[in-house]
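Structural overview for review
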Amino acid sequence: MKISVELTLTPLQDTYEPAIIHFIKKLRASNLKVLENPLSTQVYGDYDEVMQVLTTEIKEAFELVERGLLYMKIVKSDRYDYEPHF
């Protein structure tokens, strides 16, 4: 089953950028399709593979910050090639 996941990592501390950059670089290094924009990062792929990578990388990201939030949306389909029709 293919999924699309939107992630927004928000460290609740003054020095937030290093944790976000580390998280995104680790996602880029996986075999998953990854797209980024200023507000979130999208990851696309097979459910089991995506969730395995996210479990590992989210845990590591949380270990690097004192407090933080992670917003995640999951869609059951690969929306990587989505283009608006308007």
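Here's a quick rundown of the structure. The structure displayed is predicted, hence computed values, not measured ones. (Residues numbered from 1 in each chain as written. Predicted model: local features only at pLDDT ≥ 70, side-chain atom pairs only at ≥ 80, totals over all residues. Heavy atoms only, no water.)

**A short note on the pattern of salt bridges**
What counts, and what does not: Salt bridges are defined by distance alone: a side-chain nitrogen of Lys or Arg within 4 Å of a carboxyl oxygen of Asp or Glu. In DSSP terms, a helix is any run of H or I states spanning at least four residues, a strand is any run of E spanning at least two, and both are numbered starting from the N terminus. The buried label applies to any residue whose accessible area, calculated with a 1.4 Å probe on protein chains only, is under 20% of its type's maximum; exposed applies above 50%, and partly exposed to all values in between.
Going through the model one piece at a time under the given rule, you end up with six salt bridges. Of the charged contacts, one joins K33 and D78 as a salt bridge, the two residues approaching to 2.8 Å between their closest N and O atoms. Here K33, found in strand β2 (residues 33-36), pairs with D78, found in the segment after β4 (68-75); they are 45 residues apart in sequence, far enough to count as distant. Overall, the relative accessible area of 34% leaves K33 in the partly exposed class. Residues joined by salt bridges that share partners form a network here, namely K26, E57 and E60.

**Some details on the environment of F86**
For F86, the location among the structural elements is in the segment after β4. Sequence-wise, F86 and K25 are 61 residues apart; in three dimensions their C-alpha atoms are separated by 33 Å.

**Some remarks on the side chain of T41**
For T41, the location among the structural elements is in strand β3 (residues 41-46). For T41, a relative accessible area of 5% gives the class buried.

**Here's the deal with the sheet that holds β3**
Under the convention used in this document: By this definition, two strands are paired if DSSP reports at least two bridges between them. To get an axis, a line is fitted to the C-alpha atoms, and for a helix only the part in contact is used. The angle between two axes follows their N-to-C directions and goes from 0 to 180 degrees. Here a residue-residue contact requires only that any non-hydrogen atoms of the pair lie within 4.5 Å.
On the basis of which strands lie adjacent, the open sheet formed by four strands has the order β2-β3-β1-β4 and antiparallel pairing. On the outer flanks of this sheet lie β2 and β4, each paired with one strand and no other. Within the sheet, the average angular offset between the axes of one strand and its neighbour, ignoring direction, is 20°. Bridging between β2 and β3 involves four bridges; their strand directions are antiparallel. Across the sheet, L35 pairs through a bridge with Q42, a residue of β3. Sheet strands touched by helix α1 (residues 17-29): β1 (2-11), β2, β3 and β4. Its angle to β1, the strand with the most contacts, is close to 160°.

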